[in-house]
Amino acid sequence: MRSAAARQLGVTESDLDDADNYEQSVKLTEAEKLALRYADQMQRDPAVITREWYEEIHRHYTEAQVMELAIFVALNLGFHAVFSTLEFTPAWNHIGEGGRFVERAGPRPVTS
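Predicted model only: the values in this text are computed from it and were never measured. (Residues numbered from 1 in each chain as written. Predicted model: local features only at pLDDT ≥ 70, side-chain atom pairs only at ≥ 80, totals over all residues. Heavy atoms only, no water.)

Draft legend 1. Looking closely at the confidence of the model for the protein. Here the protein averages 81 in pLDDT, while 74% of its residues score no lower than 70. Averaged pLDDT values for the elements of the protein fall to 58 in strand 1 (residues 94–95) and rise to 96 in helix 4 (residues 51–58). (pLDDT = per-residue confidence, 0-100. Helix = DSSP H or I, 4+ residues; strand = E, 2+ residues; numbered from the N terminus.)

Written out as structure tokens, the structure reads:
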């Protein structure tokens, strides 16, 4: 498991794999799929996030939850932008330069 906090909440690797393919998930609710779709779209092309997007999100979430989602997505996208300028290899699978899929980094050998 990639996160101790997620593990404590009962999240499994299977759950994370399911989230990677969220549109086909039978575990996630429509509201959860919409939140993941929103995060994906904010990463891919935020210009298409319109008032209609937020109206749909508000059908499932309160105003406070929508703001929490938006801030969470913004902070994470910002972290990824900074990591990319530092040539930092994250410990998770991600989409890299030019839309290239990058496998999660394995353990680094210990040198003395």
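Draft legend 2. Here's a closer look at the packing of helix 3 (residues 30–44) against helix 4. Look at helix 3 against helix 4: their axes get within 10 Å of each other, and the N-to-C directions meet at 155°. When the axis of helix 3 is compared with that of helix 4, the two are roughly antiparallel. At the point where helix 3 passes helix 4, the crossing takes the left-handed sense. Note on element contacts: helix 4 touches helix 3 through W53, Y54, E56 and I57, opposite L34, R37, Y38 and Q41. Among the residues forming the contact of helix 3 with helix 4, the class breakdown is five nonpolar, one polar and two charged. (Axes fitted to C-alpha atoms, helices over the stretch in contact; angles between N-to-C directions. Parallel < 35°, antiparallel > 145°, perpendicular 65-115°, else oblique. Left-handed = near helix turned anticlockwise from the far one by under 90°. Contact = heavy atoms within 4.5 Å. Nonpolar A, V, L, I, M, F, W, Y, C, P; charged D, E, K, R; others polar.)

Draft legend 3. Quick look at helix 5 (residues 63–85). Taking 1.5 Å as the rise per residue, helix 5 with 23 residues should run 33 Å; its terminal C-alpha atoms sit 33 Å apart, in good agreement. Burial in helix 5 covers these residues: V66, L69, A70 and V73. Against the buried residues of helix 5 lie helix 3 and helix 4. (Expected span 1.5 Å × (residues − 1). Buried < 20%, exposed > 50% of the residue type's maximum accessible area, 1.4 Å probe, protein only.)

Draft legend 4. View of the packing of aromatic side chains. Counted according to the given criterion, the structure contains two aromatic pairs. Ring centres 6.4 Å apart and planes at 55° place the aromatic pair Y38 and W53 in the tilted group. Taken together, the residues Y38 in helix 3 and W53 in helix 4 connect sequence positions 15 residues apart. In this pair, the class of Y38 matches that of W53, namely buried. A network of ring pairs unites the aromatic residues Y38, W53 and Y54 as a single cluster. (Phe/Tyr/Trp six-rings, centres within 6.5 Å; stacked < 30°, edge-to-face > 60°.)

Draft legend 5. The nonpolar core, seen in detail. Counting residues in each nonpolar core, the largest one holds 12 residues, listed as A31, L34, A35, Y38, I49, W53, I57, Y61, V66, L69, A70 and V73. When residues of this core are traced back to their parent elements, those giving at least two are helix 3, helix 4 and helix 5. Apart from the residues lying within four places of it in its own chain, the contact partners of I49 are Y38, Q41, M42 and Y54. (Core = buried A, V, L, I, M, F, W, Y, C linked by side-chain atoms within 4.5 Å.)

Draft legend 6. Local environment of the environment of A35. Secondary-structure assignment places A35 in helix 3. Exposure remark for A35: the relative accessible area of 14% places this residue in the buried category. Taking C-alpha positions, A35 is 7.5 Å from I57, a pair spaced 22 residues apart along the chain. Setting aside residues no more than four positions away along its own chain, A35 makes contact with Y61 and L69.

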